[in-house]
Amino acid sequence: SYPPIIMAILYLVSGAFVFLKNPRSTLNRIFSAYWLSVAVWLFGSAIEYSIHTETEALLWAKVIFCGVIFIPTLFYHFTSVFLGQRKIVSNRVHYLISMVFLGLLFGSGRFLDGVYRYEWGYYAKSGFWMNVFLLYFFVTYSAVCSIGQ
């Protein structure tokens, strides 16, 4: 599927551009990592849609979530740094939570519950831990609205 691949490339290029403008800047590094996570998600989605076996689709669904799992953490971290908030403990907790979800993705068998087959390709079935992650995702994005208040 071309649209997600094109967008993944744009995210990678813009993330690299920002990083290379000032690689020592914490803000630039976090922004670039955030964009990289989104690019992994989009690239994996493009591949998942064109896979022909359920086994390969499940593997690519896990690749997708390697990026997605870090999106809320990196967004929270970027926003707190951008707004000049020193939330070191809070940021570390978010990274720890993301690492736990990453471990659950590969170790529990309950993050993804297989894949659905559609005429346009495969799509991941939500397992118990994915539902918990999605709750975390939306709570974290909501918490960003309160940073700096």
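Residues numbered from 1 in each chain as written. Predicted model: local features only at pLDDT ≥ 70, side-chain atom pairs only at ≥ 80, totals over all residues. Heavy atoms only, no water.

**Q** I tried to follow the layout of surface pockets on my own but got confused; where do I start?
**A** In this approach, a probe sized like a water molecule rolls over the atoms, and the result shows the empty space that is left. In this structure, the largest pocket occupies an estimated 270 Å³ of space. If you go around the largest pocket, you meet 14 residues; those closest to its centre are W41, I64, F65, V68 and Y123. Among the elements of the structure, α2 (26-50), α3 (54-68), β2 (121-126) and α6 (128-144) are those that each provide at least two residues to the lining of the largest pocket. Broken down by class, the residue content of the lining of the largest pocket amounts to twelve nonpolar, one polar and one charged. Lining the second largest pocket are T26, H77, S80, V81, G84, Q85, R86, K87, I88, N91, R92 and Y95. For the lining of the second largest pocket, the element with the most residues is helix α5 (residues 88-107), which contributes four residues. Of the residues contributing to the lining of the second largest pocket, the split by class is three nonpolar, six polar and three charged. (1 Å grid on protein atoms, 1.4 Å probe; cavity = no way out; pocket = protein on both sides within 12 Å on 5 of 7 lines; lining within 4 Å. Points joined across faces, edges and corners; volume = space filled by probe spheres on them. Helix = DSSP H or I, 4+ residues; strand = E, 2+ residues; numbered from the N terminus. Nonpolar A, V, L, I, M, F, W, Y, C, P; charged D, E, K, R; others polar.)

**Q** Explain the nonpolar core here, please?
**A** Grouped burial of nonpolar side chains is what soluble globular proteins tend to show. In terms of nonpolar packing, the biggest core is built from 28 residues, with F65, I69, F101, L105, F111, L112 and F133 touching the most fellow members. Looking at this core, the elements with two or more residues in it are α2, α3, α4 (71-82), α5 and α6. Among the elements that take part in this core, α2 stands out by supplying seven residues, more than any other. Sequence-distant contacts of F65, that is, excluding residues within four places in its chain, are made with L105, F111, L112, A124, M130 and F133. The next biggest cluster of nonpolar side chains, apart from the first, holds five residues, and it includes I47, I51, V115 and Y122. (Core = buried A, V, L, I, M, F, W, Y, C linked by side-chain atoms within 4.5 Å. Buried < 20%, exposed > 50% of the residue type's maximum accessible area, 1.4 Å probe, protein only. Contact = heavy atoms within 4.5 Å.)

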